[in-house]
Amino acid sequence: MSGGVGGSDFLQLRIGEVPAGRRADRLAGELRRAIADGRLPVGSRLPATRVLAADLRVSRGLVTEAYQRLREDGQVAGRGRGGTVVVAAPLSAGAATTTGGGAAGPTPTAATPTAATPTAFAAAPGSDIFDTLRSTPARIDLTPGVPDLASFPRAAWLRAERAVLAGLPSAALGYGDPRGTPELRRAVVHWLARYRGIRADPADVLIISGTAQALGLIAQVLHRDGVDAIAVEDPGSLGTRQHLHHWGAATPPVPVDEDGIRVDALRATGARAVLLTPAHQFPTGVVLGGAHQFPTGVVLGGARRRDLLRWASDTGGLIVEDDYDAEHRYDRPPVPALRSLLADHVCYAGSASKLLAPALRLGWLLAPPRYREALVAAKRFADLGNAALPQAVLAHLMESGELERLMRQMRRRHRARRDAVIAAVRTHLPAAAVHGAAAGLHLTITFPPAAPPDTELAAAALARGVKVHPLSWHSQRPYGRPGLVLGYAARTPGELTEGVAVLGEALRAAGRRSGEGGA
């Protein structure tokens with residue numbers, strides 16, 4: 001925890017010049033501004049009410065009232081003998097100007113959920129939005145796509161690393177095969193056969209630095225083949241689209257209906273490639289052929305699935321299968337990957353990011369023969385191949401059964417956390433619908449069309465210390481209903497319950513403001 005602030009100097013406030021009836025408002029506003037501009041960073045203690053009251057020459061009750069307003073906003077929390085601590089700050093805020101004599105000008109409202117504020121949710125997200133959001137402190141982070149990093153198997157990783165180093169020949173520390181180490185490519189083949197029904201040879205596998213690199217390599221290779229557009233599901237991952245756009249690929253949206261991705265709409269785009277997340281479509285959990293497709297939770301029946309494969313065969317099209325969290329399933333049997341059904345037309349990408357940790361930057365790519373050598377060349381000239389030692393350690397964990405044991409433990413833990421979110425939604429957001437709960441590390445909740453915009457809800461939640469994604473970020477076309485995407489894997493059941501309760505408060509507050517605006 002950061003140190004505390006001992007007095008009122010940081011405020012530069014002449015509260016005696018403020019009318020008596022407005023002093024608590026002004027003090028609360030100045031404290032919010034200090035949190036917004038970093039004078040009171042997250043983790044720091046506010047001055048003791050007695051000390052601040054003496055410094056400002058006001059009653060202790062006035063200071064207590066100002067602190068209580070910040071507690072209601074979710075920006076500070078009492079810590080008993082630890083004092084009152086800052087627990088959340090706004091994503092961004094314009095600093096208010098000051099007038100002559102040191103008196104503050106108009107009080108900014110960036111940190112309060114009672115007014116519209118210039119946060120990252122106020123405009124279309126830019127290319128750096130996820131970096132910005134990750135660096136923004138929050139009391140409860142419900143960002144989707146993050147596994148339980150606290151459960152990373154440090155002891156098992158160290159044991160595997162020692163075992164690998166003990167038997168690693170010196171030559172293995174030099175430049176290696178850009179496709180990856182033979183040991184990891186064999187381990188990936190065995191893993192995919194067991195868990196995804198994919199038959200492959202180690203020569204088919206290209207080790208990559210996560211799915212993000214896979215998207216870049218695929219976009220470059222397709223561009224050289226004259227393919228400049230990769231159709232995507234809509235709604236679908238904003239981050240995926242951003243990566244494809246960076247490499248010059250257009251992303252025509254393909255709508256998803258109650259039966260899954262609309263193959264007729266895919267044909268109408270004229271695209272020669274499509275990116276799918278059939279095991280758990282991001283963000284709403286559409287189920288593709290019994291799998292868990294992101295984001296709308298519907299089932300793509302056998303006829304639709306066959307139609308998709310027929311599109312690939314008839315047009316020579318390429319299906320890019322992003323199988324990012326297929327191992328995390330709770331209420332349904334496993335479903336074979338598309339790659340297992342039509343290998344010559346499916347480029348399959350998976351990674352260790354959701355199995356272990358994104359920081360490992362380890363993944364695998366299985367390409368159709370026509371693109372295999374071009375992808376290997378693109379990887380070679382990107383980075384000469386992934387670091388060999390982490391590959392060897394991951395291979396050891398896969399082949400020893402340690403990763404399988406970890407996965408079983410994670411499923412039990414994630415199921416309990418998923419159940420906690422659903423129960424909390426029923427209690428605190430009874431009008432919301434839950435999508436995509438059968439598998440994955442996140443779920444989506446949608447609200448009736450009359451609810452406030454989901455970006456407003458996300459901003460209000462962040463002001464109260466809870467971080468989520470608005471569903472509209474992940475839609476290229478109007479989705480029809482506001483919604484929020486909630487990651488649950490990295491939080492405890494108690495934190496999840498509290499976070500959803502805060503979302504309920506944010507929704508009710510936004511609804512009151514809408515009612516006042518229409519009065």
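Residues numbered from 1 in each chain as written. Predicted model: local features only at pLDDT ≥ 70, side-chain atom pairs only at ≥ 80, totals over all residues. Heavy atoms only, no water.

### Here's the deal with the overall build of the protein chain
Going by this rule: By definition, any uninterrupted DSSP run of H or I lasting at least four residues is a helix, any uninterrupted run of E lasting at least two residues is a strand, and each is numbered from the N terminus. Each residue gets one of three labels from its accessible area relative to the maximum for its type: buried under 20%, exposed over 50%, partly exposed in between, using a 1.4 Å probe on protein chains only. Residue contacts are defined here by distance: any two heavy atoms, one from each residue, within 4.5 Å place the two residues in contact.
Counting its regular elements, the protein chain contains 15 helices and 18 strands. Looking at the protein chain as a whole, 54% of its 519 residues qualify as buried. Taking the intrachain contacts of the protein chain between residues at least 6 apart in sequence as the baseline, contacts between residues at least 24 apart amount to 72%.

### Quick notes on unusual backbone geometry
Cis geometry is found at the peptide bond from Asp 234 to Pro 235, where omega equals 5°. With respect to the secondary-structure elements, Pro 235 resides in the loop between strand 5 (231-234) and helix 8 (238-246). One non-glycine residue, Gln 12, lies in positive phi territory at about 50°. Assignment of secondary structure puts Gln 12 in the segment before helix 1 (23-36).

### Topic: the pattern of salt bridges
Our working definition: Salt bridge, as used here: a side-chain nitrogen of Lys or Arg that lies within 4 Å of a carboxyl oxygen of Asp or Glu.
For the structure shown, the criterion picks out 27 salt bridges. Arg 134 is the salt-bridge partner of Asp 131, the closest N and O atoms lying 2.7 Å from each other. Taken as a pair, Asp 131 and Arg 134 lie in helix 4 (residues 129-134) at a separation of three residues, close to a single helical turn. The network of salt bridges with shared partners includes Arg 267, Asp 307, Arg 310 and Asp 314.

### As for the layout of surface pockets
For clarity, the cut-off: Both site types are read off a 1 Å grid over the protein atoms alone. A 1.4 Å probe that fits but cannot get out defines a cavity, while an open set with protein on both sides within 12 Å along at least five of seven lines defines a pocket; lining residues have an atom within 4 Å of a point. Grid points are joined across faces, edges and corners, and a volume is the space filled by probe spheres set on the points. Following the grouping adopted for this structure description, the nonpolar residues are Ala, Val, Leu, Ile, Met, Phe, Trp, Tyr, Cys and Pro, the charged ones are Asp, Glu, Lys and Arg, and the polar ones are all others, Gly among them.
Taken as a whole, the largest pocket holds about 1400 Å³ of empty space. Surrounding the largest pocket, 50 residues form its lining, Arg 134, Pro 144, Gly 145, Gly 239 and Lys 354 being those nearest its centre. Breaking the lining of the largest pocket down by element, the ones donating at least two residues are helix 4, helix 7 (210-224), strand 5 and helix 8. Looking at the lining of the largest pocket, the element that brings in the most residues is helix 8, giving six residues. In this structure, the second largest pocket encloses a volume near 510 Å³. Sorting the residues of the lining of the second largest pocket by element identifies helix 5 (154-167), helix 6 (182-196) and helix 12 (388-400) as the ones contributing at least two each. Take the lining of the second largest pocket: its biggest share by element is seven residues, from helix 12. Split into classes, the residues belonging to the lining of the second largest pocket amount to 13 nonpolar, ten polar and five charged.

### Looking at helix 11 (residues 369-383)
Spelled out, the test is: Here a helix's expected span is defined as the number of its residues, less one, multiplied by 1.5 Å.
Taking 1.5 Å as the rise per residue, helix 11 with 15 residues should run 21 Å; its terminal C-alpha atoms sit 22 Å apart, in good agreement. Along its buried surface, helix 11 packs onto strand 4 (205-208), helix 7, strand 11 (318-322), strand 12 (346-351) and strand 13 (363-366).

### Focus on the environment of Leu 244
Relative to the elements of secondary structure, Leu 244 occurs in helix 8. With 26 residues separating them along the chain, Leu 244 and Ile 218 place their C-alpha atoms 9.0 Å apart. When sequence neighbours within four positions are dropped, the list of residues in contact with Leu 244 reads Leu 215, Ala 219, Ile 230, Val 232, Ala 249, Thr 251 and Leu 275.

### Concerning the sheet that holds strand 18 (residues 483-487)
Strand pairs in the sheet, formed through backbone hydrogen bonds, run parallel or antiparallel to each other. Selection rule: Between any two strands, at least two bridges found by DSSP are needed for them to pair. For helices, the fitted axis covers only the stretch in contact; all axes are lines through C-alpha atoms, and the angles between them, taken along N-to-C directions, range from 0 to 180 degrees.
Spatially, four strands are ordered 14-15-18-17 in an open sheet, and the strand pairing comes out antiparallel. Looking at strand neighbours, the two that pair on one side only are strand 14 (433-435) and strand 17 (469-470), the edges of this open sheet. As paired elements, strand 14 and strand 15 (residues 442-446) share three bridges and run antiparallel to each other. From the neighbouring strand, Ala 433 faces strand 15, where its bridge partner is Thr 446. Packed onto the sheet, helix 13 (residues 402-428) meets strand 14, strand 15 and strand 18 and runs at close to 10° relative to strand 15. Of the strands in this sheet, strand 17 and strand 18 are in contact with helix 14 (residues 454-463), which crosses strand 18 at around 45°.

### What to know about the nonpolar core
To keep it simple, the criterion reads: By nonpolar core is meant a set of buried Ala, Val, Leu, Ile, Met, Phe, Trp, Tyr and Cys residues that side-chain atoms within 4.5 Å join together.
Counting residues in each nonpolar core, the largest one holds 38 residues, and the members touching the most others are Ile 445 and Leu 484. Those elements that place two or more of their residues in this core are helix 4, helix 13, strand 15, helix 14, strand 18 and helix 15 (493-518). Apart from residues no more than four positions distant in its own chain, Ile 445 is found in contact with Val 425, Leu 429, Ala 432, Ala 433, Val 434, Pro 482, Gly 483, Leu 484 and Leu 486.

### Overview of the side chain of Thr 240
The residue Thr 240 is located in helix 8 in this model. When residues no more than four places from it in sequence are discounted, the contact partners of Thr 240 are Leu 215 and Leu 275.

### Concerning empty space enclosed by the protein
A complete count under the given rule lists six cavities of 30 Å³ or more for this structure. There is about 50 Å³ of room inside the second largest cavity. For the lining of the second largest cavity, the secondary structure elements donating two or more residues are strand 4 and helix 11. The element contributing the most residues to the lining of the second largest cavity is helix 11, with three residues. The residue inventory of the lining of the second largest cavity, partitioned by class, reads seven nonpolar, no polar and three charged.

On their own, these measurements won't tell you what the molecule is for.
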